[in-house]
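Examination of the molecular architecture
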Amino acid sequence: MIQYNNVFNNPNMLCIAQGGMYYVYEHQEDLSVNPRDAAMSYYMKRMNVKKRQVLIQLNNSAVKLQAGAMQWMAGAVKADSGVTGVGNFLGKMARGIATGESAAKPRYSGNGYVMLEPTFRFLLIEDLTTWGEGMVLDDGLFLACDSQIRETIVRRKNIATAVFGGEGLFNLCLSGEGFAVLESPVPREELFEFILQDDVLKIDGNMAIAWSSTLDFSVEKVTKSLLGSAVAKEGFVNTYRGTGRVLMAPTLGGTLMSDTNGPEQTYANPENSVVH
């Protein structure tokens, strides 16, 4: 038997989301700040830059994690590498290189708790049953999922789609019944969700962090001609066709985004100006 003190009853840790066996805890303040970094920590808190952690409660269940994500585990929990042989490892390594994820995803099973390492990124819990045949992820988003979730690789139809779309040639696709946890660059409150029904969505840049595997992804010119695209000051756009969902991070660059797309400034002619 384990007694947990200042863990689940910690007033500085707030549970902000829950789904399946996953709980997202957010540290309201960084209580271990040294005097040199106190001012920075103060403004980080004001700007919602906080440490977040995922707690997993296993109940005769199992979970797969991104390698190195576990911080502590307690109870009758067993861990294995998730690799069953040399061939299996080589396949996982190739898949990891292609998608930017870890080559092997350790598996934790049994009864007890598994806490993941803290991160400043935003943690999303996704129910894969709402994604139909599967959810395709942008590189580096995967953190954890139920052990029965299937992992496959989605390959671009052509190299141009990857090069001009700002995406990799391969992406990780999760499918099946269960939950997955993603590390998002923006909070859920800033995510746009598009639900397509035999329709088209075009995004200027790789701001889509996840999309349904049923959607046809391609890269196209904004207009039919290169001249028209140049005049419109737009080049290629990521295009999603069909029926499915897309999660888009419109504020991906935050306050550091370029202002070159803003309205042009108009300046008064000094000769026509009136001095009061």
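Attention here is on the structure that accompanies the text.

What counts as what
Residues numbered from 1 in each chain as written. Predicted model: local features only at pLDDT ≥ 70, side-chain atom pairs only at ≥ 80, totals over all residues. Heavy atoms only, no water. Salt bridge = Lys/Arg side-chain N within 4 Å of Asp/Glu carboxyl O. Helix = DSSP H or I, 4+ residues; strand = E, 2+ residues; numbered from the N terminus. Patch = residues over 30% accessible without salt bridge, like charges linked within 9 Å, V, L, I, M, F, W, Y side chains within 5 Å. Areas by Shrake-Rupley, 256 points an atom, 1.4 Å probe, with all protein chains shown as cover. Buried < 20%, exposed > 50% of the residue type's maximum accessible area, 1.4 Å probe, protein only. Contact = heavy atoms within 4.5 Å. Pairing = 2+ DSSP bridges. Polar contact = N/O pair within 3.5 Å; in protein donor to acceptor, adjacent residues only side chain to side chain. Phe/Tyr/Trp six-rings, centres within 6.5 Å; stacked < 30°, edge-to-face > 60°. Lys NZ or Arg CZ within 6 Å of the ring centre and 35° of its normal.

**Considering the pattern of salt bridges**
One pass over the structure, following the stated rule, counts 12 salt bridges. For the salt bridge of E26 with R52, the shortest nitrogen-to-oxygen distance reads 3.0 Å. With E26 in strand β2 (residues 22–27) and R52 in strand β3 (residues 52–65), this pair connects stretches of sequence that are 26 residues apart. When the shortest N-O distance is used, the salt bridge between R188 and E126 registers 2.8 Å. Taken as a pair, R188 in the loop between β11 (179–184) and β12 (192–203) and E126 in strand β6 (residues 122–127) lie far apart in primary sequence, 62 residues in all. Several salt bridges converge on common partners, so that one network encompasses E26, K50 and R52.

**What to know about a nonpolar patch on the surface**
A cluster of nonpolar side chains, namely M47, V49 and F120, defines an oily patch on the protein surface of about 290 Å² accessible area. Tracing the backbone shows M47 in the loop between α1 (38–46) and β3.

**What about the environment of L247?**
One can find L247 in strand β15 (residues 236–248). The buried category is assigned to L247, whose relative accessible area is 4%. Spatially, the C-alpha atom of L247 lies 9.8 Å from that of L137, the residues being 110 residues apart in sequence. Here L247 is in contact with E126, W131, F192, E193, M207, A208, I209 and A210, once residues within four sequence places are set aside.

**Quick word on the pairing of strand β1 (residues 13–19)**
In this structure, β1 lies alongside β2, joined through six bridges in antiparallel fashion. Residue C15 lies in a different strand from β2, and its bridge partner there is Y25. Hairpin connection between β1 and β2: a loop of two residues separates the two successive antiparallel strands, and G20 in this loop has a positive phi of roughly 60°.

**Here we look at the side chain of K105**
Its location among the elements puts K105 in the loop between α2 (86–99) and β5 (107–116). Judged by relative accessible area, K105 falls into the buried class, the value being 8%. In terms of polar contacts, K105 uses its side chain to reach the side chain of E151, at 3.3 Å.

**Things to note about the packing of aromatic side chains**
Overall, the coordinates contain nine aromatic pairs when judged by the stated rule. Where Y4 meets Y113, the ring centres are 5.5 Å apart and the plane angle is 80°; that geometry is what we call edge-to-face. Within this pair, whereas Y4 is found in the segment before β1, its partner Y113 is found in strand β5, the two being separated by 109 residues in sequence. Residue Y4 is classed as partly exposed on the basis of its relative accessible area of 24%. Looking at Y113, the relative accessible area reads 19%, which means it is buried. Joined through ring pairs, the aromatic side chains of Y4, F8, W72 and Y113 make up one cluster. One residue, K105, lies across the ring of F142, its end atom 5.0 Å from the ring centre.

It is worth stressing that arrangement in space is one thing and function is another; only the former is reported here.
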